[in-house]
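Summary of structural features
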Amino acid sequence: GAERDDYAKVVLASWRDILAPAVPTTGLDAVTSNRAAVDEMGQIQQLQLRSFAWSTILATYSNEFVASLGTARIQAWVDAVCTQNTVQGLRALLEQTHEGGGGGGSAVDDSDVWSPAAIAKRIATLQSDLSADERIVGRLCVGMRDNMAAPLQVERLAAILEWPGVKYFDGAG
């Protein structure tokens, strides 16, 4: 959506906490301890990845959709997230795309330059001098049960872009 609503801001804050840098509890004073600390960090990061994967899936899809796929299919998605990503990479993605949050679980602020609303305003400004035939026109779609991009926020985004009405999908999220 154009801006994150309060629910989405809470979810983003939880993701920041899940992906926060971890410190191993194992001491770093000897070679064996260093090896143990490295092993412990790997285990911590694997837990962080799994937690993040489950959280993103449960926060972004509707209950009905998740239930229709079943545990085995969702588990396969979690496994794919874990094998194709790193904690550091996902943390960087959150920081770069939601810079207003400042990390560490603080509130997410959509006033940053990479928020969907800010990007849409730049697109609208760039297109303002173009003729109707030269403008990029799209159509936004949203699930009526979407928690991260609420339908009202998607409507706001379409209005900023001056695009035609939003396409809604009942029961989707």
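Residues numbered from 1 in each chain as written. Predicted model: local features only at pLDDT ≥ 70, side-chain atom pairs only at ≥ 80, totals over all residues. Heavy atoms only, no water.

Considering the packing of aromatic side chains
Basically, it comes down to this: Only the six-membered ring of Trp is used, alongside the rings of Phe and Tyr, when aromatic pairs are assigned; centres must lie within 6.5 Å, and planes under 30 degrees apart are stacked while those over 60 apart are edge-to-face, with the rest tilted. Here, a charge over a ring means that NZ of Lys or CZ of Arg falls within 6 Å of the ring centre while also lying within 35 degrees of the ring normal.
Counting across every chain of the model gives three aromatic pairs. Of the aromatic side chains, those joined through ring pairs into one cluster are Tyr-61, Phe-65 and Trp-77. Just above the ring of Phe-169 sits the side chain of Lys-167; from NZ or CZ to the centre is 5.4 Å.

Considering the pattern of salt bridges
Applicable threshold: We define a salt bridge as a contact between a side-chain nitrogen of Lys or Arg and a carboxyl oxygen of Asp or Glu at a distance within 4 Å. Only DSSP runs of H or I with at least four residues qualify as helices, and only runs of E with at least two residues qualify as strands; both kinds are numbered from the N terminus onward.
Counted according to the given criterion, the structure contains three salt bridges. Across the salt bridge formed by Asp-79 and Arg-50, the nearest N and O atoms sit 2.9 Å from each other. Here Asp-79, found in helix α3 (residues 63–84), pairs with Arg-50, found in helix α2 (residues 31–60); they are 29 residues apart in sequence, far enough to count as distant. Across the pair Arg-145 and Glu-64 runs a salt bridge, and its minimum N-O distance is 2.9 Å. Within this pair, whereas Arg-145 is found in the loop between β1 (141–143) and α6 (151–161), its partner Glu-64 is found in helix α3, the two being separated by 81 residues in sequence.

A few points about the packing of helix α5 (residues 116–127) against α6
Axes are the key here: two packed helices are described by the angle between their axes and the distance separating the axes. Cut-off, in case you're wondering: An axis is simply a line fitted to the C-alpha atoms; with a helix, the fit covers only the stretch in contact. Between two such axes, the angle follows the N-to-C directions and lies from 0 to 180 degrees. Oblique is the label for every angle not falling under 35 degrees (roughly parallel), over 145 degrees (roughly antiparallel), or within 65 to 115 degrees (roughly perpendicular). The hand of a helix crossing depends on one turn: near helix anticlockwise from the far one by less than a right angle means left-handed, and clockwise means right-handed. For this analysis, residues touch if any pair of their heavy atoms sits within 4.5 Å.
Where α5 contacts α6, the axes come no closer than 8 Å and their chain directions differ by 20°. Here α5 lies roughly parallel to α6, going by the angle between them. In this structure, α5 crosses over α6, and the sense of that crossing is right-handed. For the pair α5 and α6, the contacting residues are Pro-116, Ala-117, Ala-120, Lys-121, Ile-123 and Ala-124 in the first and Arg-156, Leu-157, Ile-160 and Leu-161 in the second.

Some details on unusual backbone geometry
As a reminder of what qualifies: To sort residues, take the accessible area from a 1.4 Å probe on protein chains only and compare it with the maximum for the residue type: under 20% means buried, over 50% means exposed, and anything in between is partly exposed.
Its identity is not glycine, yet Glu-162 carries a phi of approximately 60°, on the positive side. For Glu-162, a relative accessible area of 59% translates into the label exposed.

Regarding α6
What α6 keeps buried is the set Pro-151, Gln-153, Val-154, Leu-157, Ala-158, Ile-160 and Leu-161. Close packing links the buried residues of α6 with α5, β1 and β2 (167–169).

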